[in-house]
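Below, each chain spelled out in residue letters.
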Amino acid sequence: MNIIVCIKQVPNTTDVRIDPVTNTLIRDGVESVINPFDAYAIEEAVRLKERCGGKVTVVTMGPPQAENVLKEAIGLGCDEAVLVSDRKFAGSDTWATSYTLACAIEKLEGYDVILCGKQASDGDTAQVGPGISTHLDIPQVTYVKKISEINDKAAKVERMTEEGYDVVEVPLPCLFTVVKEINTPRMPSLKGMMRAKSAKIAKWTAADLEADPAALGLDGSPTRVVKIFTPEARKGGEMISGTCDEVAKELVELLKGEVV
Amino acid sequence: MASIKVHLEKCTGCTLCVKACAFGAIHMADRKAVIDMAKCTLCGACVAACKFSAIELEKAAGPKKDLTPYKDVWVFCEQKKGVIQSISYELLGEGRKLADKLGVKLCAVLLGHNMKEAAAKLGERGADKVYLADHPALKAYQDDPYTAVLVNLVEEYKPEAILCGATVIGRSLISRVAIKTNAGLTADCTGLDVDVKERLLLQTRPAFGGNIMATIIAPNHRPQMATVRHKVMKEAELQPGRLAEVVTKSYPEETYASRTRLLDMVEELSATMNISEADIIVAGGRGMGSKENFAQLEELAKVLGGAVGASRSAVDADWIPYSHQVGQTGKTVVPKLYIACGISGQIQHLIGMQSSKTIVAVNKDPDAPIFKVATYGIVGDVNEIVPALIKEFKRALNK
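Residues numbered from 1 in each chain as written. Chains lettered and ligands numbered in written order. Predicted model: local features only at pLDDT ≥ 70, side-chain atom pairs only at ≥ 80, totals over all residues. Heavy atoms only, no water.

Caption draft 1: Main features of the overall build of chain B. A tally of regular secondary structure across chain B gives ten helices and 22 strands. Of all 399 residues assigned to chain B, the portion counted as buried reaches 57%. Sequence-distant contacts in chain B: of pairs separated by 6 or more residues, those separated by 24 or more amount to 63%. Distance between charge centres in chain B, computed from 50 positive and 44 negative side chains, equals 3 Å. (Helix = DSSP H or I, 4+ residues; strand = E, 2+ residues; numbered from the N terminus. Buried < 20%, exposed > 50% of the residue type's maximum accessible area, 1.4 Å probe, protein only. Contact = heavy atoms within 4.5 Å. Lys, Arg positive; Asp, Glu negative; His and termini not counted. Charge placed at Lys NZ, Arg CZ, Asp CG, Glu CD.)

Here it is as structure tokens:
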């Protein structure tokens, strides 16, 4: 079974601090990590390989340093890695990103299952996974929390909904976006880390993709930013002080009529 | 190929662009902005931030599409088991304002089975027109038939804007439709407005990690598509007797074909209330210290008749399931009362709760950012204050 995982490198949000004066993000020294939601996709891909046999190829589109998250993915059990990187991809919104990744996937030697995290922690759009499946014209199931059954032809999966879950049958090839309920990602093994160190990462540019140049990067992106601003801060209110019992009493008094 | 350049004669060296760049790609040299092309992602944040039009993003002009046939504002109305979901009324409320400003019709789009009556009722929520596709294959959401029908509707009737809920269904569907119709799509908008002259949908959302808001447009593509999270917009008021024109559409059978097959829909009613619907939320963060301490919040929530929420760190520590997470990667909530216990108030959390009517914060760190948004703040040990609050609220509520 040919399994493909699409990942994104994102800033490690636990490192992000806010400058109290300018109220902007301090990004100095913030490292890039695998998008947390993609870690579940990588783990599920490796589990599928263990279940059905085959090969896991991890793909990312990003700047040259995104090679690091690909190496990390190899350490976690992926077999091959492709970095899709070119200045021509700069400015891509989700339309152009999913197009570029779909072109890269088509260049690979066939695929049965494509896995993506449900969304990226820095953009939160949840649009690229469905975008890839649409460009490739394959079925998708989003928000997958369990792959109950799978063989060469079809899979039975559980899709998380607001009320519970749906049980969905889908023919292969298909694309899944996965939620964190699907598994607990393993730690990289020593052997994996050794492999990651020496792993050769394939590097593809726009010229390698046979893509329509007009559909790449900023040129291929329907959306653009026109204005940025710092959100109006909500004003802090009253501080209540005293002993525990005193503050509890005062708070109840303050909330009377309003909610209590 | 697109590129970016600084017009040195216009650059005043004010450094606004340096602050705006989320990628650390701009620095000043001789009081002029210099862009490091190795880091620049052409996101356009600096262009939007520059007050002197000194930075220009050059985009290859694609084939110009005639945008004039596109009119009306559409709302995709989500139904489950034949019941219109409240997100649809929220979008109709917002859509009504946008349609009025643009001077066009507000149209609801409803896909389902045996939904004729429900479709007619959408007029009472502000819709002027309802496009209804009624077919057994549309009874429950499936990607293929829903995408095919919506794409057909868009191509035939050409709306200028479509609003859709940022729900499991909405996000899965509209992403596919945007690709198929070559449209711009902006996720999780927290504010929507229109530029009447240019007929642009101005879509505002948190960007680059959240503490910057970005307004996004799709100037050369139609329809302009946006998703909005549940509870971000106000529901359209019910206007009994208000009528809408219902246009029922049917398509050849192959339009309804689905490669996926829905075998079962399982409802898991959790013992606790869904936090998106709760009027009172008691939420805890890392500062609660342990799973046992966190459990106290459930008691406080029970006394108040509310639900329990959590910050991401409490969820990551396995003190409570993910369905309770509030914030950027969790749910957006707008309760009447939000009590934040041991939550420092990272921006990602604040995004999900700062529209609550009254916010109470309890934290031992007087400098915690949560106090900047709190209506009432208490500095102290949560594990002493929460029991005191339980006692006092019990007394006040005669429990």
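Caption draft 2: Spatial organisation of the overall build of chain A. A tally of regular secondary structure across chain A gives seven helices and 15 strands. Projecting the C-alpha coordinates of chain A onto the three principal axes gives extents of approximately 70 × 40 × 40 Å. Buried residues in chain A amount to 56% of all 260 residues. Restricting to contacts in chain A with at least 6 residues of sequence separation, those with at least 24 account for 70%. Separation of charge centres in chain A, based on 30 positive and 39 negative side chains, amounts to 4 Å.

Caption draft 3: Inspection of the packing of aromatic side chains at higher detail. On inspection of all chains with the given rule, the structure shows six aromatic pairs over all chains. Measuring from centroid to centroid gives 5.0 Å for B:W74 and B:Y131, while their planes differ by 45 degrees, and the two rings are tilted. A residue pair is termed long-range when its members are at least 10 positions apart, and B:W74 in strand β5 (residues 73–77) and B:Y131 in strand β9 (residues 129–134) qualify at 57 residues. The exposure classification of B:W74 matches that of B:Y131, with both residues buried. Pairing B:F294 with B:W319 gives two aromatic rings, centres 6.1 Å apart and planes at 45 degrees, and the pair type is tilted. Note that B:F294 is positioned in helix α7 (residues 291–304) and B:W319 in the loop between α8 (312–316) and β20 (337–341), a separation of 25 residues in sequence. Residue class for B:F294 comes out buried when judged on its relative accessible area of 0%. One Lys or Arg, A:K145, reaches over the ring of A:Y165 and ends 4.4 Å from the middle of that ring. (Phe/Tyr/Trp six-rings, centres within 6.5 Å; stacked < 30°, edge-to-face > 60°. Lys NZ or Arg CZ within 6 Å of the ring centre and 35° of its normal.)

Caption draft 4: Quick look at the nonpolar core. A:V5, A:I7, A:I42, A:L115 and A:F176 are the most contacted members of the largest nonpolar core, which has 40 residues in total. Per-element accounting of this core gives the leading share, six residues, to helix α1 (residues 36–52) of chain A. Filtering out sequence-adjacent residues up to four positions away, A:I7 remains in contact with A:I34, A:D38, A:I42, A:V58, A:V59, A:T60, A:M61, A:V69, A:L70 and A:A73. Residues A:L251, B:V308, B:W319 and B:I385 belong to the second largest nonpolar core, which totals 36 residues. (Core = buried A, V, L, I, M, F, W, Y, C linked by side-chain atoms within 4.5 Å.)

Caption draft 5: Quick peek at the state of the cysteines. Residues and elements named next belong to chain B. Per the counting criterion, the structure on display carries zero disulfides over all chains. Note on C21: no disulfide assigned, nearest cysteine sulfur contributed by C43 at a separation of 6.3 Å. Overall, the relative accessible area of 15% leaves C21 in the buried class. In this structure C107 is not part of a disulfide, and its nearest cysteine sulfur, from C77, lies 11 Å away. What makes C107 buried here is its relative accessible area of 0%. (Disulfide = S-S within 2.5 Å.)

Caption draft 6: Representation of the pattern of salt bridges in the model. All names here are of chain A. Per the stated rule, a full pass over the model turns up 40 salt bridges over all chains. Among the ionic pairs, E158 bridges to K145, the shortest N-O distance being 3.4 Å. A residue pair is termed long-range when its members are at least 10 positions apart, and E158 in strand β10 (residues 154–160) and K145 in strand β9 (residues 140–150) qualify at 13 residues. Each of the two residues, E158 as well as K145, counts as buried. Shared partners join several salt bridges into a network, and the residues in it are E43, R47, E50 and R186. (Salt bridge = Lys/Arg side-chain N within 4 Å of Asp/Glu carboxyl O.)

Caption draft 7: Quick look at the sheet that holds strand β21 (residues 358–363) of chain B. Pairing is parallel across the open sheet formed by six strands, whose spatial order is β15(A)-β22(B)-β21(B)-β20(B)-β18(B)-β19(B). Sheet topology places β15 (238–240) of chain A together with β19 (307–310) of chain B at the edges, where each strand pairs with a single neighbour. Taking the axes of each pair of neighbouring strands and ignoring which way they run, one obtains an average angle of 20 degrees across the sheet. Sheet analysis places strand β18 (residues 280–284) of chain B next to β20(B), joined by five bridges and oriented parallel. Along β20(B), the bridge assignment pairs B:V282 with B:I339. Contacts between α7(B) and the sheet are confined to β18, β19 and β20 of chain B, with β18(B) contributing the most and set at about 170 degrees to the helix. (Pairing = 2+ DSSP bridges. Axes fitted to C-alpha atoms, helices over the stretch in contact; angles between N-to-C directions.)

Caption draft 8: Structural context of the sheet that holds strand β14 (residues 212–217) of chain B. The sheet built from four strands is open, its strands ordered β14(A)-β14(B)-β13(B)-β12(B) with antiparallel pairing. Both edges of this open sheet fall to β14 (224–229) of chain A together with β12 (191–195) of chain B, since each of them pairs with a single strand only. Across the sheet, the mean angle separating the axes of adjacent strands is 30 degrees when strand polarity is ignored. Relative to β14(B), β14(A) runs antiparallel, the two sharing five bridges. Counterpart to A:I228 in the pairing with β14(B) is B:A214.

Caption draft 9: Examining the interface of chain A and chain B more closely. Contacts between chain A and chain B engage 85 residues on the former and 99 residues on the latter. In this assembly, chain A and chain B are joined by seven salt bridges. Run the count over chain A and chain B and you get 34 residue pairs in polar contact (both at pLDDT 80 or more). Among the residues making up the side of chain A that touches chain B, the classes are represented as 36 nonpolar, 24 polar and 25 charged. Pairing analysis gives six bridges linking strand β11 (residues 164–171) of chain A to strand β17 (residues 261–267) of chain B, with the strands arranged antiparallel. What sits directly across from A:E169, in β17(B), is B:R261. (Polar contact = N/O pair within 3.5 Å; in protein donor to acceptor, adjacent residues only side chain to side chain. Nonpolar A, V, L, I, M, F, W, Y, C, P; charged D, E, K, R; others polar.)

Caption draft 10: Main features of the pairing of β11(A). Residue and element names in this part refer to chain A. For β11, the buried fraction is high: six of the eight residues fall into the buried class. For β10 and β11, the ladder comprises seven bridges, and the chain directions are antiparallel. Within the sheet, the bridge partner assigned to M160 lies in β11 and is Y165. The antiparallel hairpin formed by β10 and β11 contains three residues in its connecting segment.

Caption draft 11: Representation of the environment of B:A283 in the model. Residues and elements named next belong to chain B. Within the secondary structure layout, A283 lies in strand β18. Judged by relative accessible area, which is 0%, A283 ranks as buried. Between the alpha carbons of A283 and S311 there is a distance of 7.3 Å; along the sequence they are 28 residues apart. Setting aside residues no more than four positions away along its own chain, A283 makes contact with L297, G309, A310, Y338, I339, A340, C341 and I343.

Caption draft 12: Structural detail: the environment of B:K291. Residues and elements named next belong to chain B. Inspection of the secondary structure puts K291 in helix α7. Setting aside residues up to four positions removed in sequence, K291 forms contacts with D318 and W319. Of the polar contacts made by the side chain of K291, one reaches the backbone oxygen of D318; its length is 3.3 Å.

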